[in-house]
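Understanding the architecture of this molecule
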Amino acid sequence: MGSTDTPITFLRKQQAWVGLFKLMASECEIHIRTSEASFAQKTITQAYREAKRIEQHFSRYITGNALHTINNSPNTPITLDTEYCELLNYALTLYDISDGMFDISCGALRHLWRFNTTEQQPPTQAQLDAALRNIGLNKIHWSAPQLTLPQGMELDFGGIGKEYAVDKAAQVIQGVFDGEYLVNFGGDCYCKGSAESPWTIAVESINSPADATNNTVTLLEGGVATSGTTKRFFTSGGKRFGHILNPKTARPIEHAPLSVTVVHQSCLSAGALATLAMLEGKAAEQYLQEQELIHWVLR
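Note that the structure is a prediction, hence the values are computed from the model and not measured.

To continue, consider the overall build of the protein chain. Scanning the protein chain from terminus to terminus reveals seven helices and 17 strands. Taken along the three principal axes of its C-alpha coordinates, the protein chain extends 60 × 45 × 35 Å. In the protein chain, 61% of the contacts between residues at least 6 apart in sequence involve partners at least 24 apart. Accessible surface for the protein chain amounts to roughly 14100 Å². Of this, 49% is attributable to carbon and sulfur atoms. A distance of 6 Å separates the average location of the 24 positive side-chain charges in the protein chain from that of its 30 negative side-chain charges.

Next up, the structure:
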């Protein structure tokens, strides 16, 4: 089968229909174990459109969406919709439990740290000090549903947006299909299988990036997500700078793993826990063990 009016390629793979597409700068795929081609195509298309809607709504790269309005309306109360309120409250919870380390107000740093080439110069300390004055979720004025950002502050939902989109796409499928499926957006996944047919999901391996089959997890139902710097980093003066930043120093996390993968109830929670572990730096393994999480750490 070819594509429809959406940029999805459909194909038959083993016992599933698979939809392939690109979204949120990631290679994405949705598997539905059914023999009904038309149903699979329709359902995958609906799930894709839901994920696309979320990208359009929350992406910092899209001009004219709600986030663009928020980030370009300093000292102006903006009334958020229910979905924005829920995701912002979730981000605030992560901010609180991480003692301010998980901070979606790091948006100002994207102008200094670009990670778009493998060789570049890090920002100066003066630039970082200036940016730090505009970071800290405790500085926003939030009385749901109204949000006001101080001058110079920017929000960035990139740390949780893709995982949220995975879960929402899965909910669309779950609403019309009680069988087995897998949603995989760039390695962040949610699946529902069965005892007879669980899903085998590859875990990123920096030791052998071309062959991730060295590490796999077999899952009946739940989320899997990876946080790491194996794809977004640069080097300068022989030092490696990863893209996960410390909001208290405005610099990349020191002594962080290359990546952390976590299995949890949802893709959103798995991704948040993986990032929380990354933010622990050299104590990442200890944090994951204390939380009693199924996890992989690559250094």
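Alright, that's what it looks like, and here's the rest.
Once that is clear, we can look at the packing of aromatic side chains. Considering all chains together, one arrives at 13 aromatic pairs under this definition. Arranged with centres 4.9 Å apart and planes meeting at 75°, the rings of phenylalanine 21 and tyrosine 48 form a pair that is edge-to-face. Placement of the pair is phenylalanine 21 in strand 2 (residues 16–23) and tyrosine 48 in helix 1 (residues 37–58), with a sequence separation of 27 residues. Tyrosine 48 carries the same exposure label as phenylalanine 21, and that label is buried. Ring geometry for tryptophan 113 against phenylalanine 241: centres 5.9 Å apart, planes inclined by 35°, an arrangement best described as tilted. Residue tryptophan 113 is found in the loop between helix 3 (82–97) and helix 4 (125–132), and its partner phenylalanine 241 is found in strand 13 (residues 239–242); the two are separated by 128 residues along the sequence. Exposure class is identical for tryptophan 113 and phenylalanine 241. Each is buried. By way of ring pairs, the aromatic residues Phe58, Tyr84, Phe157 and Tyr164 are connected into one cluster. Of note, arginine 33 hangs over the ring of tryptophan 199, and the distance from its end group to the ring centre comes to 3.6 Å. Here the basic side chain of arginine 240 rests over the ring of phenylalanine 233, its NZ or CZ set 4.1 Å away from the ring centre.

Definitions and cut-offs
Residues numbered from 1 in each chain as written. Predicted model: local features only at pLDDT ≥ 70, side-chain atom pairs only at ≥ 80, totals over all residues. Heavy atoms only, no water. Helix = DSSP H or I, 4+ residues; strand = E, 2+ residues; numbered from the N terminus. Contact = heavy atoms within 4.5 Å. Areas by Shrake-Rupley, 256 points an atom, 1.4 Å probe, with all protein chains shown as cover. Lys, Arg positive; Asp, Glu negative; His and termini not counted. Charge placed at Lys NZ, Arg CZ, Asp CG, Glu CD. Phe/Tyr/Trp six-rings, centres within 6.5 Å; stacked < 30°, edge-to-face > 60°. Buried < 20%, exposed > 50% of the residue type's maximum accessible area, 1.4 Å probe, protein only. Lys NZ or Arg CZ within 6 Å of the ring centre and 35° of its normal.

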